[in-house]
Amino acid sequence: MKFPVAKPKPTAVTFGRVSYTDSYQWLEEETPEALEFKTQQDQITQDWLLSNPARAHAEAMMAPMPFIESDFPIFSGGRWFRKRTPDGQKLQVTEVAETIEGPWRVIVDLNAVANGRKLSIDVFVPSPDSRKLILGYGVDGVELAELRVFEVDSGKVLMESIPQTYAFFTEWFPDSSGFYYMGRDPAAMQDGSKIYRYVLSAAPTTKAEDYEISAETMWVKAAGDNKHMFIVADHLNPKPDYI
């Protein structure tokens, strides 16, 4: 078995008061070179799995096992939202209902839009008015690969994409006209994640919000009065830093 060779490219990295050299940070970026290396690794893994004589036995053991859903419905704007994997399907669907008992109606079916890709939902955030849904999903094992906004009642795509990668910690404006999110600039991955603001009636922005970075992870949360937004710092010891 011949493995692809990852060339070391020493890069200085600093987190707070800690500095070190990372020779393989380039593999975390979405550059053509990094993606080609990952593709070669994936192909070796797939070839080994497909040729392994134990595969058929493993699949036969797994086939009768029940699939257990661990997600719970979300209540937002007077309606209920959920994601689940239907019987006989490999990928999830998102659904909406007026009551938790149903009937449930499909908003987005990943099985129908996958086009041969393996999709998994990473971000699932209905808007406060229940009319829109932020849906982010991983593609072929790459987490947080795509982020879109759908109109709940029609399934229409309201936002096709954003300029940033690895978008997460999404938070709707109280009036559901847009949202904040954390993301990375593909041209400056070494700068880490920053907070961006997206308004549905405008073009996606490439400029991060103006705030002082006090922790590696910072995100926005709406205040209970529906008038203010907090920037929260440090996912290990969360505390509000800005209003």
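Refer to the preceding data block for the structure.
Residues numbered from 1 in each chain as written. Predicted model: local features only at pLDDT ≥ 70, side-chain atom pairs only at ≥ 80, totals over all residues. Heavy atoms only, no water.

### Observations concerning the overall build of the protein
A tally of helices and strands in the protein yields 3 helices and 16 strands. Across the 243 residues that make up the protein, the buried fraction comes to 35%. For the protein, the exposed surface amounts to about 15100 Å²; the carbon and sulfur share of it is 54%. Seen as two clouds, the 25 positive and the 35 negative side-chain charges of the protein have centres 2 Å apart. (Helix = DSSP H or I, 4+ residues; strand = E, 2+ residues; numbered from the N terminus. Buried < 20%, exposed > 50% of the residue type's maximum accessible area, 1.4 Å probe, protein only. Areas by Shrake-Rupley, 256 points an atom, 1.4 Å probe, with all protein chains shown as cover. Lys, Arg positive; Asp, Glu negative; His and termini not counted. Charge placed at Lys NZ, Arg CZ, Asp CG, Glu CD.)

### Some points on the packing of aromatic side chains
Applying the stated criterion across every chain, the model contains 9 aromatic pairs. Seen in terms of ring centroids, Phe169 and Trp219 are 4.6 Å apart; in terms of plane orientation they differ by 10°. Their pairing is stacked. A residue pair is termed long-range when its members are at least 10 positions apart, and Phe169 in strand β11 (residues 165-172) and Trp219 in strand β14 (residues 218-222) qualify at 50 residues. On the numbers, 5.5 Å between centres and 50° between planes, the contact of Phe179 with Tyr198 is tilted. Of this pair, Phe179 sits in strand β12 (residues 178-184) while Tyr198 is found in strand β13 (residues 194-199), placing the two residues 19 residues apart along the sequence. When its relative accessible area of 4% is taken as the criterion, Tyr198 is described as buried. One aromatic cluster in this structure is built from Trp172, Phe179, Tyr181, Tyr196 and Tyr198. The ring of Trp26 is capped by Lys9, whose NZ or CZ atom sits 4.9 Å from the centre of that ring. (Phe/Tyr/Trp six-rings, centres within 6.5 Å; stacked < 30°, edge-to-face > 60°. Lys NZ or Arg CZ within 6 Å of the ring centre and 35° of its normal.)

### Examining the pattern of salt bridges
This model, assessed by the stated rule, comprises 13 salt bridges. Here Glu95 makes a salt bridge to Arg82, at a shortest N to O gap of 2.6 Å. Residue Glu95 is located in strand β5 (residues 93-97), and its partner Arg82 is located in strand β4 (residues 79-84); the two are separated by 13 residues in the primary sequence. Look at the salt bridges and you will find they share partners, linking Arg79, Glu98, Arg105, Arg131 and Asp153 into a network. (Salt bridge = Lys/Arg side-chain N within 4 Å of Asp/Glu carboxyl O.)

### Points about the side chain of Ser130
Positionally, Ser130 belongs in the loop between β7 (119-126) and β8 (132-139). Taking relative accessible area as the criterion, Ser130 reaches 1% and is therefore assigned buried. Polar contacts involving the side chain of Ser130 include one to the main-chain carbonyl oxygen of Gly77, which spans 3.5 Å. The residues contacting Ser130, other than those within four sequence positions of it, are Ser76, Gly77, Arg79, Phe81 and Val152. (Polar contact = N/O pair within 3.5 Å; in protein donor to acceptor, adjacent residues only side chain to side chain. Contact = heavy atoms within 4.5 Å.)

### Here we look at a nonpolar patch on the surface
A cluster of nonpolar side chains, namely Met1, Phe3, Trp48 and Leu49, defines an oily patch on the protein surface of about 460 Å² accessible area. Given a relative accessible area of 65%, Met1 falls into the exposed group. (Patch = residues over 30% accessible without salt bridge, like charges linked within 9 Å, V, L, I, M, F, W, Y side chains within 5 Å.)

### Regarding the environment of Asp191
The residue Asp191 is located in the loop between β12 and β13 in this model. Taking the relative accessible area as the measure of exposure, Asp191 reaches 44% and is therefore partly exposed. Each C-alpha atom, one on Asp191 and one on Glu216, is 9.9 Å from the other, the two residues being 25 residues apart in sequence.

### Digging into the sheet that holds β4
Taken in spatial order, the 4 strands make up an open sheet running β3-β4-β5-β6, and their pairing is antiparallel. Sheet topology places β3 (74-76) and β6 (105-109) at the edges, where each strand pairs with a single neighbour. Neighbour to neighbour, the strand axes of the sheet diverge by 25° on average, direction disregarded. Here β4 pairs with β5 via 5 bridges, running antiparallel. Within the sheet, the bridge partner assigned to Phe81 lies in β5 and is Val96. (Pairing = 2+ DSSP bridges. Axes fitted to C-alpha atoms, helices over the stretch in contact; angles between N-to-C directions.)

### Some remarks on the environment of Val123
The residue Val123 is located in strand β7 in this model. On the basis of relative accessible area, Val123 is assigned to the buried category, the value being 7%. Linking Val123 and Phe169, residues 46 residues apart in sequence, is a C-alpha distance of 8.2 Å. Sequence-distant contacts of Val123, that is, excluding residues within four places in its chain, are made with Ile134, Leu135, Gly136, Leu144, Leu147, Ala167, Phe168 and Thr170.

### Re the sheet that holds β12
The pairing of strands in a sheet happens through backbone hydrogen bonds and is either parallel or antiparallel. Pairing is antiparallel in the open sheet, where 3 strands are placed in the order β11-β12-β13. Each having just a single partner strand, β11 and β13 make up the two edges of the open sheet. Ignoring which end each strand starts from, the neighbouring axes of this sheet average 30° apart. Judged from the 6 bridges that link them, β12 and β13 form a sheet pairing that is antiparallel. Among the inter-strand pairings, Gly178 is bridged to a residue of β13, identified as Val199.

All we've got here are geometric facts, nothing functional implied.
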